[in-house]
Amino acid sequence: GMGKVEEFMDQMDDVMAKARDGPGMILKAAQEQVDGIQKKLDAALADPSSLAPNGGGIAACAAGYYAGEVARKLRAVSDDTSGLVGVMTKMATDVQKPMKDLAEGLEKALSQLEGSVKGLAKLPKLIQQEMQGKDSPDDIAKIDTAPMKKALDGGDMDGPLSAIGGMKGVIEGAIAVLKSGAEALQGFLESAPGAVRSAFDLPAPLCALQSVLMSQAPQLMTDLLGMLEKLEGVSLQPVMDAMNGTMDKVANLDVEQIKAPVNKFMESAKELVEKLDKTVSGAKLASGGGMPSMGGMGGFGK
């Protein structure tokens, strides 16, 4: 019945709000984390002395050969990070248009439906609110039936409903962009921690001292691993889930399932509103002779 229609309209309102907000906050958090890693690497590569462990014999020899090897390996990590920065920046830019198109398209369609499906779906609550506590001719005379009549005027449902169904391609575009970015982020997170640890491994013939090195590991390695761990907490999955949920709603939209209960509801609602309107008119003319009869004003068709 009309309950499903109202549920559909609420769902579309929710989708529109999420599309308008977009995945901006999550993408921004991911971008900031990746940018931070890149800046950390850039600063370290600009100052190779920061790559050496602190103290002991290892520190003395690290200024030359060891630091150079660490820098060489970290440049590869930096290149991967730089590539991810580009991917994340492009994703944030590319996803804006489909999300903007989705929000604007839904806003237009829902606005067109306001005078028919949406307004009609809200009609029972509107009537209930107007009639609540009205128990005298003076109170009844104040009921405004104009919004109810406007809701019954109806309008074009096929056009906006078809427009909503046609947004499948827009949503698919957004999902494709987000999926590509999510895969790039996941691939980076799978390889970067190991690459960072490997960068600080001692080359032969100093590898026998690796356990000593790890006991006095450079602060940079600790910082980078901590930043990568923090980046792992920024997941694009909630955004992907939301977009896939939106796709399901739009792809499975059954126009007739929306129209049939609307048409049936309009028939019973029209009769009720007409009776209410006559009652209000009678109340306005009443002059102490008792409240006009509200009889025959049953409920809406289910």
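Please read these numbers as outputs of a predicted model, since none were measured by experiment.

Parameters at a glance
- Residues numbered from 1 in each chain as written.
- Predicted model: local features only at pLDDT ≥ 70, side-chain atom pairs only at ≥ 80, totals over all residues.
- Heavy atoms only, no water.
- Helix = DSSP H or I, 4+ residues; strand = E, 2+ residues; numbered from the N terminus.
- Buried < 20%, exposed > 50% of the residue type's maximum accessible area, 1.4 Å probe, protein only.
- Contact = heavy atoms within 4.5 Å.
- Areas by Shrake-Rupley, 256 points an atom, 1.4 Å probe, with all protein chains shown as cover.
- Salt bridge = Lys/Arg side-chain N within 4 Å of Asp/Glu carboxyl O.
- Axes fitted to C-alpha atoms, helices over the stretch in contact; angles between N-to-C directions.
- Parallel < 35°, antiparallel > 145°, perpendicular 65-115°, else oblique.
- Left-handed = near helix turned anticlockwise from the far one by under 90°.
- Nonpolar A, V, L, I, M, F, W, Y, C, P; charged D, E, K, R; others polar.
- 1 Å grid on protein atoms, 1.4 Å probe; cavity = no way out; pocket = protein on both sides within 12 Å on 5 of 7 lines; lining within 4 Å.
- Points joined across faces, edges and corners; volume = space filled by probe spheres on them.
- Arc of directions from axis to C-beta.
- Expected span 1.5 Å × (residues − 1).
- Bend = angle between axes of the 7 residues up to and from the residue.
- pLDDT = per-residue confidence, 0-100.
- Polar contact = N/O pair within 3.5 Å; in protein donor to acceptor, adjacent residues only side chain to side chain.

Asks: Can you tell me about the overall build of the protein, naming the residues and giving the values?
Replies: A count of helices and strands for the protein gives 13 helices and zero strands. Along the chain direction, N to C, the helices and strands of the protein fall in the order α-α-α-α-α-α-α-α-α-α-α-α-α. Buried residues in the protein amount to 39% of all 302 residues. Restricting the contact set of the protein to residue pairs at least 6 apart, pairs at least 24 apart contribute 87%. In the form shown here, the protein has an accessible surface area of approximately 15500 Å², with 52% of it arising from carbon and sulfur atoms.

Asks: Tell me about the pattern of salt bridges, and name the residues and values.
Replies: In this structure the tally under the stated criterion is seven salt bridges. Of the charged contacts in the structure, one is a salt bridge between Lys97 and Asp101, with a shortest N-O distance of 2.7 Å. Of the two residues, Lys97 and Asp101 are both situated in helix 4 (residues 96-121); the distance of four residues between them amounts to about one turn of the helix. What makes Asp101 partly exposed here is its relative accessible area of 30%. In this structure, the salt-bridge partner of Lys149 is Asp277, at a minimum N-O distance of 3.0 Å. Here Lys149 is found in helix 7 (residues 146-152), whereas its partner Asp277 is found in helix 13 (residues 255-285), with 128 residues between them in sequence. Owing to a relative accessible area of 21%, Asp277 belongs among the partly exposed residues under this scheme.

Asks: Could you give me a rundown of the packing of helix 9 (residues 168-199) against helix 12 (residues 237-251), with the residues and numbers involved?
Replies: Two numbers describe how helix 9 lies on helix 12: the axes approach to 10 Å, and their chain directions differ by 160°. Taken as axis vectors, helix 9 and helix 12 run roughly antiparallel relative to one another. At the point where helix 9 passes helix 12, the crossing takes the left-handed sense. Across the interface between the two elements, Lys168, Ile171, Glu172, Ala174, Ile175, Leu178 and Lys179 of helix 9 pack against Val239, Met240, Met243, Asn244, Thr246, Met247 and Val250 of helix 12. Here the residues of the contact of helix 9 with helix 12 sort into nine nonpolar, two polar and three charged.

Asks: Give a detailed account of the environment of Ala44, specifying residues and quantitative values.
Replies: By secondary structure assignment, the location of Ala44 is in helix 2 (residues 24-46). Each C-alpha atom of the pair Ala44 and Leu74 lies 9.0 Å from the other, and the pair is 30 residues apart in sequence.

Asks: Can you explain the layout of surface pockets? Please cite residues and give values.
Replies: By volume, the largest pocket amounts to about 260 Å³. Along the walls of the largest pocket sit Lys4, Glu7, Phe8, Gln11, Met12, Lys249, Asn252, Leu253, Asp254, Gln257 and Ile258, which together make up its complete lining. Listing elements by their share of the lining of the largest pocket, those giving two or more residues are helix 1 (2-21) and helix 13. With five residues, the top contributor of residues to the lining of the largest pocket is helix 1. Per-class residue counts for the lining of the largest pocket are four nonpolar, three polar and four charged.

Asks: Kindly report on helix 8 (residues 158-165), identifying the contributing residues and their values.
Replies: The complete set of buried residues in helix 8 reads Pro160, Leu161 and Ile164. Down the axis of helix 8, the sector holding all buried residues measures 100°, keeping them to one side.

Asks: Describe helix 9, with residues and values.
Replies: Taking 1.5 Å per residue as the helical rise, helix 9 with its 32 residues ought to reach 46 Å, and the 46 Å between its terminal C-alpha atoms agrees with that figure. Along helix 9, the sharpest kink reaches roughly 30°, centred on Ser191 and followed within four residues by the proline Pro193. Those residues of helix 9 not exposed but buried are Ile171, Ala174, Ile175, Leu178, Gly181, Leu185, Phe188, Leu189, Ala192, Pro193, Val196 and Ala199.

Asks: Please set out the packing of helix 5 (residues 123-131) against helix 13 residue by residue, giving values where relevant.
Replies: As a packed pair, helix 5 and helix 13 sit with axes 12 Å apart at the nearest point and diverge in direction by 20°. Taken together, helix 5 and helix 13 sit at an angle that is classed as roughly parallel. Every pair of crossing elements has a handedness; the one defined by helix 5 and helix 13 is left-handed. Packed against helix 5, whose contacting residues are Leu123, Pro124, Ile127 and Met131, the element helix 13 presents Phe265, Ala269, Leu272, Val273 and Leu276 at the interface. Here the residues of the contact of helix 5 with helix 13 sort into nine nonpolar, no polar and no charged.

Asks: Let's hear about the confidence of the model for the protein: which residues, and what values?
Replies: Put simply, the protein has an average pLDDT of 80, and 81% of its residues get 70 or more. Per-element confidence in the protein is highest for helix 11 (residues 219-232), whose mean pLDDT is 92, and lowest for helix 10 (residues 210-215), whose mean pLDDT is 52. Within the model, the stretch residues 289-296 combines pLDDT values under 50 with 14 contacts to residues more than four positions away or in other chains.

Asks: Explain the side chain of Thr81 residue by residue, including any values.
Replies: Looking at the secondary structure, you find Thr81 in helix 3 (residues 56-94). Residue class for Thr81 comes out buried when judged on its relative accessible area of 0%. Only 2.8 Å separates the side chain of Thr81 from the backbone oxygen of Val77, close enough to count as a polar contact. Those residues in contact with Thr81 that lie beyond four places of it in its chain are Val34, Ile37, Gln38, Leu41 and Phe188.

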